[in-house]
Each structure stands twice: as C-alpha cells, then as structure tokens.
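# Survey of secondary and tertiary structure
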Amino acid sequence: MSFDVDLFVIGGGSGGVRAARIAAAEGGARVALAEESRMGGTCVIRGCVPKKLMVFASGFAHAMEDAAAYGWQLQVGSFDWPGFRAKLHTELDRLEGVYRANLERAGVTIHDARATIADPHTVQLDDGTTVTAKHILVATGGRPFLPEMWRPLREAGAPVLVSDDIFDLPELPDSILVVGGGYIACEFACILAGLGVKVTQIYRGAQILRGFDEEARGHLAELIRDQGIELHVGTDLIELVAADGALRAKTTDGRERPYGAVLFATGRVPNTEGLGLVEAGVALGRRGEVPVDEWSQTGVPSIYAIGDVTDRIALTPVAIREGHAFADTVFRGVATRADHDLVASAVFTRPELGSVGLTEEAAREQEPVEIYCTSFRAMHTAFAGRHDRVMMKLVVSKATRRVLGCHIIADQAGEMIQLAGIALKMGATKEDFDRTVAVHPTMAEELVTMRRPVREA
Ligand code: NDP
C-alpha cells in the first residue's frame, strides 16, 4: 500500500518537532507535521521558555536588594511589565521562527492547521486537506486544567487565569490568589511576588509539591513564606465572586478577600479531545491520556504517541527523548526505548528546588538507607543579610552505598542538579562523592563534604 508520507506528526511542540526532524533528516522519511497554534508548543510559547525569562526578570528585584547590601547605591525603579512583555513576545516569535526553519531545513512539510485522525493511516486537516501516512505520531501535549465550577466566571470575562494567560496580561494585577501546590503554582507565586504582585497561595493538601522529598517540601514552603508570599496549606477555594473587574474569594480557612486575579495552577490534562483516537481504535486512559508501550506505540500499530499527551513524565526533555527514540526505532532501524529512570528536574521557585532520584520516603520503602542532609546560609546571601538557608540532601543505600536521591534547595539548584544527575545515572556511591575534591568556595561543595548521616532508616 502506498501512502502520501511515511510519518505524519500531529503537534509542533518540542517532542513532535524532534521526532519529525530525526525521521526526515536522519531516517530519510517523507514527513509532514501539523500544528494548529504556534510552532514550538507549550515549552517554547507558553511554558518553560517565557516562564524562565520571567524568573530572570523577577530575580532582579532581589538582586537589587542584595546589591544595596553589597554597597551599591542604586535608585530602584518599578517594573515595566508592558515593556518586558513586548520584548518577551519578540523573543518567542524568534524562537518560533527557529523551530519552523529547522523543520523546513530537514525537509518536513508543515501544515498550519488542526489535524484529526480519520483512520489508522489517514489524517484530516481543517483546511480540507487529507493526508495518508504509514505512521502517525500524536504529540499534542497538554493544556491547563481549570475545574469545571470556575469556568463560567472565566467565560464571563472575570480575571480567572490559567498559566497560558500570564504571558499576555495587559497589566500585572496588584494582588493575586494562586490556587494549587504543584510546579506551576509555586513557580508563578515566586515570580509574581518578585515582580511586586501581592501573592496569596492556597493548596488543598498538607504540604506543597506532592511527590517531592518531604524535608525539601517543608524547607521550601518556609522560604516561600519568608519572601512575603502568604501560603496557606490545607486550604481550598469555596466561592469566587466577580466585583469591579476583580474577584472576591472565600476559602475554607474562613478568609474572604478581594484579589486582582485568581490563577488556577490546578494541573494539566492531555490534549486528546476530538482527535479521533478512540474512533481509530485507541482506547484512552482515565485522564484522557494515550496509553503507549515502551516504544511509544499505541494498541493500533501505525499510531504512536509521545510527550505530555501520554502522561508519563510531563517534562520537555523527556518528550524530546521519547520523540528521538521513536524516530530512531521506526525510521533509523536503531531500536531505542526512552529512558525514564533518574530524570532530574527543577522547580524554578525562589530559591530553586532541584531533585533527582528517590525521595527519602520512597527509598525507605525500598531498602535501608542513610540520610545525609545539611542546611546552611550561603555566603552570598548571608553577607546580604538574607536568612534563607540552602538545603542539600543525599539519600544513600546502606547495602550498595549508591546515592539513590539528591535534593537541593538553593539559588541555581537547577544547574547543580543537572550535574548531580550525571553522577547518579552513572551509579555513583557516597564514597565516590566523598573522594571528589570540593570546589571552594561554592554552595555545591557541601555535596561532597557531608561526612556523617543525620539519620538511618
Ligand atoms: P501539578 O500536577 O504539578 O500540580 C497541580 C496542583 O493542582 C496540585 O497541587 C494539585 O493538588 C492541585 N489541584 C489539582 N486539581 C485541583 C482542584 N480541583 N482544586 C484544587 N487544587 C487542585 O501540575 P502543574 O500544572 O503545576 O504542572 C504540570 C506538570 O508540568 C508538572 O507535573 C511537571 O511535570 C510539568 N512542569 C514542569 C516544570 C519544570 O520542570 N520546572 C514547570 C511547570 C510544569 P494535589 O497535589 O492535591 O493533587
């Protein structure tokens, strides 16, 4: 049977673009890709990239405070959000262009249209085009989840926001209520506070960042509060009423207050609605995700899926690896499984939380462990008179001496955890860490100078 293309990729995010490029440029495949919105997807257009640029923008507020403490005489002005936002969007336009150019250079045919699956080998585009494909790759990512009950208010034009909206705000609100305790809630709470917004964050559970190391969660929650963010855990939203362009929120702790906006950072859901997957024979999971095997193949052999839409590990570099592994396997004859073991990640709060491997709690369930942990005031911040403490923690197997987990809360923890991730991936033992000579004076040197366990379990 002959097809128009060897591969049709639905979704021009980081994962889909990587798969398309490798299949076309290195696998010699005829590849087409459809993107209904902007090339680059969540990470580039409304996620990691603009978020990180906002982290940088927000960091200057603290840098200026520190500068004064270091003897600089500064006249600190206010933050020009519209000016920053315009520049941010220019940068996103540039990056979108780079993504597009890279695809074109690889020989991929781009369709700026919404694609749906008509049958296991046919894609229907909303511009009327039909394309047949030997393989279809679903790389449609995810989107913010807004609980049903708050949707009417949003639709009525009240400032009920999800993370996508932040980058387009005409102006920053004076105050905001952030709902949620995950990556996005904690990151935006810190970013917006740094930019001068009065932030209140509520989380329904007992402690923010469920799934991370307990000790790290507690430590970071304290530092979030120390920077003036009102963080209330065990608290949920009961009522929201629009009033004069703002919102009045009632929460389960009895508080009732007006906010300039409410940001719902209440998770993300896979983008599978109306895609035609079920009709093509792919049964979806409970959250609407596309279930796949270790080769990213669905139950329908010609249809594969990668990235957030599969609800495995929702991180850009993981989607890229999955897309690359798929293209290697199917188009380069190199059978490759995406490796989901020991994936490091960072939460870009202030300070950052970097984490790789097992939490203390998970490791203890698995085997007897030693815990090495230190908390100290870093030279840079101590001199500036700040009280925030760095935390570094290693979870070590008693039997094999391998470092099973590493958790860091510090400025630049994201950079540090990338390197610690290499050591853990190589199977480094505590003794390997110990025989590594410290780089002095740094914060990270504490990782190789923790001599005695603080506890065993
Ligand atoms: P998360 O799943 O991390 O957090 C969602 C939060 O919303 C949780 O605290 C959850 O509470 C809460 N929540 C869910 N539903 C409700 C509800 N109905 N009412 C009140 N609270 C609710 O999702 P995010 O959207 O923050 O991030 C999605 C994913 O994107 C992350 O898991 C991560 O993989 C990725 N990401 C990575 C980043 C990075 O690498 N720096 C940055 C941003 C996102 P509960 O814990 O009780 O379920």
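Coordinates for the structure precede this section.
For the structure given in this document, a descriptive report is provided here. In this text, all values refer to a predicted model and were calculated from it rather than measured experimentally.

So, how was this worked out
- The residue numbering used here restarts from 1 in each chain and proceeds along that chain's sequence as written.
- Predicted model: local features are reported for residues with pLDDT of at least 70 only, side-chain atom pairs are reported and counted for 80 or more only, and whole-chain, interface and lining totals are derived from all residues.
- The basis for every side-chain value is the complete set of heavy atoms in the structure, and neither hydrogens nor water enter the calculation.
- Type-normalised accessible area, obtained with a 1.4 Å probe on protein chains alone, sets the label of each residue: buried when under 20%, exposed when over 50%, and partly exposed for intermediate values.
- Each helix is a run of DSSP H or I of at least 4 residues and each strand a run of E of at least 2, with the numbering of both proceeding from the N terminus.
- Any two strands with at least two DSSP-identified bridges between them are counted as paired.
- Seen with its strands pointing away from the viewer, a crossover is right-handed when the path leading from the first strand over the helix to the second is clockwise.
- To be near a molecule or strand, a residue needs just one of its heavy atoms within 4 Å of it.
- Nitrogen and oxygen atoms within 3.5 Å of one another constitute a polar contact, given that in protein one can donate a hydrogen and the other can accept it, and given that sequence-neighbouring residues count only through two side-chain atoms.
- Under the convention used here, a 1.4 Å probe and the Shrake-Rupley method define accessible areas, while residue burial counts only the protein chains that appear.
- Working rule for helices: expected span equals 1.5 Å times residues minus one.
- The contact rule is simple, with two residues in contact once any of their heavy atoms fall within 4.5 Å.
- In this description, a nonpolar core means a group of buried Ala, Val, Leu, Ile, Met, Phe, Trp, Tyr and Cys residues linked to one another through side-chain atoms lying within 4.5 Å.

This part takes up the pairing of strand β1 (residues 5-10). Burial analysis of β1 places 6 of its 6 residues in the buried class, which makes it a mostly covered element. By the bridge criterion, 4 bridges tie β1 to strand β2 (residues 31-34) in an arrangement that is parallel. For Ile10, the partnering residue across the bridge sits in β2 and is Ala34. A crossover connection joins β1 to the parallel β2 through helix α1 (residues 14-26); in handedness this β-α-β unit is right-handed.

Right, let's talk about the site of the ligand for a bit. Residues in contact with the ligand amount to 19 residues; listed here are only the nearest, Ile184, Tyr203, Arg210, Ala314 and Ala346. Ala265 is positioned such that a nitrogen or oxygen atom in its backbone is 3.3 Å from an oxygen atom of the ligand. Between Gly267 and the ligand, the recorded distance is 3.5 Å, taken from a backbone N or O atom to an oxygen atom. Alone, the ligand offers 920 Å² of accessible surface; in the complex the protein occludes 76% of this.

Turning next to helix α4 (residues 81-106). For α4, built from 26 residues, the straight-helix expectation of 38 Å at 1.5 Å per residue is met to within 8% by its first-to-last C-alpha distance of 37 Å. Along α4, the residues classified as buried are Trp81, Phe84, Leu88, His89, Leu92, Leu95, Glu96, Leu103 and Ala106. The secondary structure elements touched by the buried residues of α4 are α1, β2, α2 (41-46), α3 (48-69), β3 (109-111) and α6 (163-166). A distance of 3.0 Å separates the backbone nitrogen of Gly83 from a side-chain oxygen at the start of α4, and that oxygen is part of Asp80. Taken from the residues just after α4, Gly107 is the one with a positive phi, measuring 90 degrees.

Ranked by internal contacts, the top residues of the largest apolar core, which has 51 residues, are Met54, Ile176 and Val199. No other element matches the 8 residues that helix α7 (residues 183-194) contributes to this core. With near-sequence residues (within four places) excluded, Ile176 lies in contact with Leu161, Leu192, Val197, Lys198, Val199, Thr200, Tyr259, Ala261, Val262 and Leu263.

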